[in-house]
Amino acid sequence: MNVSFLASIILFAGSIDSMDVSIIPENWIFGYDCLIDASAGGKWINNHPVIDSTGIDAAVSVRIESQEVDFLATGAIQSDSISRVLFRRGRGSVKWPGTPWIGAGVYLNDRQPFIAGLSNPVVEWGWVDIDSIQGYGLSSGGILGFRGEYLIQLTHGDTLTQLDVHSPWMGFLGVDYSRAQLRTYDSIPDENIIVNVLSVRGDFRYFSPWLIVAGADGEQGKWAVSGEIREYSPFDTRWGSIEIVPGIHFAGNNIEFPGSAFVSGQKVITLGAFLESRRYFASAGIKGMVDLESDSLSGVSASAGLISRAGVAWDVIFDYYADGDYRTVISSVTSDSYASAGIAVEIINDSSRVTGSASYSPRDDVCAELTVSGDIDDSLQPACGLAVSTALGPVTGLVRIDWNYADSPSFRIDLRGLLK
């Protein structure tokens, strides 16, 4: 690893503090930071460690902010087999002076599309490579909580447009609308992706309805709807209140949403019951799922957790599906101020595995953790992992060794820091 290269980055970050920023207006905020990530990895060969990969990534960001201006520029220096300098991220946006609700901006490698669902996202991070996005946009907001933004961006020659509108909270209801559209440069219809998502969240004191409606401009089979009723607690017991959560999750047969919120052709009805204890360190829940199309998603999922008076934490998870798949996890952990130890048993269909773990922190900024696992079946297939981490001010370090019965032991060393 090039130590002198890493040292020069740290000195450069420190030298920024001596820069003359008197040209920045008094009511503006000027800031900078340097994020450093250095790593090395390898394996044991002939009874001694051999490093086969190294890398250093240092990103320096400069920010200038005021009520009307938001500027960010990030440059990076990378060194692995070769050293290179690159521009990683840039943003420049302005608001109309005197009013907070009209603005415009230019973005480079910024503003990646993301649309949330009830639990899993409808549009996932990483759908479009962030390093290929550049474009501009308009924004508005600031009136009673209303916010809106429209972006036009290019990525690998394709056109990506994003629209996000968030209504103000009306005391009992809020509505969000998001749209992401990717048009390919050769205009092949089958490769174009359009996602419209309408989110409705309510609060009617005794229950809170949540609804997600998604579609692709009325195209046949490209629709989905998901809804749940939350915070409905009709029962009180000596252990606490029980919340009932009914839900539906339907989708057309031709959906192509770049996220995991919906499965093509699913028609699932769910009903869950969850214990919220007010007197004990305990929780429990059970959820049933009925797939109206097939048995692949029909089943039941249950979980429970408890912390005893002696400080032992117990957790149980059980999943069973109508097609015969099942999973059970039972774990127990005990800990004090400096150390912890635990054991877990996981059973997935016909395979089972037991894992033991222990950790020790001799001081607040040092921690070591050891895990050992093996098959309960005849094969055993042992695996071990040892990790030691430490924090020295803004810098953290990690040394990890992993061994699997079928491979040679591997190791990794990480050094990270955020200098401001």
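A quick note: this is a predicted structure, and the numbers were derived from the prediction, not measured.

Conventions we followed
- Residues numbered from 1 in each chain as written.
- Predicted model: local features only at pLDDT ≥ 70, side-chain atom pairs only at ≥ 80, totals over all residues.
- Heavy atoms only, no water.
- Helix = DSSP H or I, 4+ residues; strand = E, 2+ residues; numbered from the N terminus.
- Buried < 20%, exposed > 50% of the residue type's maximum accessible area, 1.4 Å probe, protein only.
- Contact = heavy atoms within 4.5 Å.
- Areas by Shrake-Rupley, 256 points an atom, 1.4 Å probe, with all protein chains shown as cover.
- Lys, Arg positive; Asp, Glu negative; His and termini not counted.
- Charge placed at Lys NZ, Arg CZ, Asp CG, Glu CD.
- Polar contact = N/O pair within 3.5 Å; in protein donor to acceptor, adjacent residues only side chain to side chain.
- Phe/Tyr/Trp six-rings, centres within 6.5 Å; stacked < 30°, edge-to-face > 60°.
- Lys NZ or Arg CZ within 6 Å of the ring centre and 35° of its normal.
- 1 Å grid on protein atoms, 1.4 Å probe; cavity = no way out; pocket = protein on both sides within 12 Å on 5 of 7 lines; lining within 4 Å.
- Points joined across faces, edges and corners; volume = space filled by probe spheres on them.
- Nonpolar A, V, L, I, M, F, W, Y, C, P; charged D, E, K, R; others polar.
- Domains from an automatic or database assignment.
- Salt bridge = Lys/Arg side-chain N within 4 Å of Asp/Glu carboxyl O.

### Things to note about the overall build of the chain
Each helix and strand in the chain was counted, giving one helix and 25 strands. Taken along the three principal axes of its C-alpha coordinates, the chain extends 65 × 65 × 50 Å. The 420 residues of the chain split such that 32% are buried. Counting contacts in the chain only where the partners sit at least 6 residues apart, residues at least 24 apart contribute 36% of the total. Entry remark: accessible area of the chain is about 24,800 Å², with carbon and sulfur atoms responsible for 61%. Charged side chains in the chain number 28 positive and 50 negative. The centres of these two groups are separated by 6 Å.

### Thoughts on the side chain of H249
When you line up the elements, H249 lands in strand β14 (residues 240-251). On the basis of relative accessible area, H249 is assigned to the buried category, the value being 15%. Side-chain polar atoms of H249 contact the side chain of S226, separated by 2.6 Å. Beyond its immediate sequence surroundings of up to four residues, H249 is in contact with L118, V225, S226, E228, Q266, K267, V268 and T270.

### Section: the environment of P25
Within the element layout of this structure, P25 appears in the loop between α1 (3-15) and β1 (29-45). What makes P25 partly exposed here is its relative accessible area of 35%. Sequence spacing of P25 and S66 is 41 residues, and the spatial spacing of their C-alpha atoms is 9.3 Å.

### A closer look at the packing of aromatic side chains
Going through the model one piece at a time under the given rule, you end up with seven aromatic pairs. With 4.8 Å between their ring centres and 10° between their planes, F114 and W125 make a pair best called stacked. Within this pair, whereas F114 is found in the loop between β5 (102-108) and β6 (133-143), its partner W125 is found in the loop between β5 and β6, the two being separated by 11 residues in sequence. Taken together, a centroid distance of 5.6 Å and an interplanar angle of 25° make the contact between F204 and F207 stacked. Site record: aromatic cluster; members linked through ring pairs are F172, F204 and F207. Taking NZ or CZ as reference, R111 lies 5.2 Å from the ring centre of Y107, over its face. The ring of W210 carries R230 above its face, with NZ or CZ at 4.9 Å from the centroid.

### Here we look at the layout of surface pockets
The method is simple in principle: a probe with the dimensions of a water molecule rolls over the atoms, and the space it marks as empty is what remains. What the largest pocket holds in volume is close to 630 Å³. Lining of the largest pocket is provided by 32 residues; of these, Y107, R111, S139, R147 and E149 occupy positions nearest its centre. Secondary-structure elements contributing two or more residues to the lining of the largest pocket are β3 (69-79), β4 (83-95), β5, β6, β7 (146-155) and β8 (158-166). Considering each element in turn, the lining of the largest pocket owes the most residues, five residues, to β5. Broken down by class, the residue content of the lining of the largest pocket amounts to 10 nonpolar, 13 polar and nine charged. One number sums up the size of the second largest pocket: a volume of about 380 Å³. Taken together, 20 residues make up the lining of the second largest pocket; nearest its centre are S119, H249, A261, Q266 and K287. Secondary structure elements with two or more residues in the lining of the second largest pocket: β12 (223-230), β15 (267-277) and β16 (282-291).

### Some words on empty space enclosed by the protein
This model, assessed by the stated rule, comprises one cavity of 30 Å³ or more. Taken as a whole, the largest cavity encloses approximately 30 Å³ of empty space. Contributing to the lining of the largest cavity are P113, F114, I115, Q162, L163, D164, S178, R179 and A180. Put simply, the parts of the chain that give the lining of the largest cavity at least two residues each are β8 and β9 (173-183). Counted by class, the lining of the largest cavity contains five nonpolar, two polar and two charged residues.

### Let's talk about the domain arrangement of the chain
Here the chain is described as being made up of domain 1 (1-88) and domain 2 (342-420). In this complex, domain 1 contributes 19 residues to the contact, which on the side of domain 2 involves 14 residues. Along the contact surface separating domain 1 from domain 2 lie one salt bridge. Across the contact surface, domain 1 and domain 2 share six residue pairs in polar contact (both at pLDDT 80 or more). Broken down by secondary-structure element, the contributors of at least two residues to the side of domain 1 that touches domain 2 are α1, β1 and β2 (48-65). Here the side of domain 1 that touches domain 2 takes 13 residues from β1, the largest share from any one element. For the side of domain 1 that touches domain 2, a count of residues per class yields 13 nonpolar, three polar and three charged.

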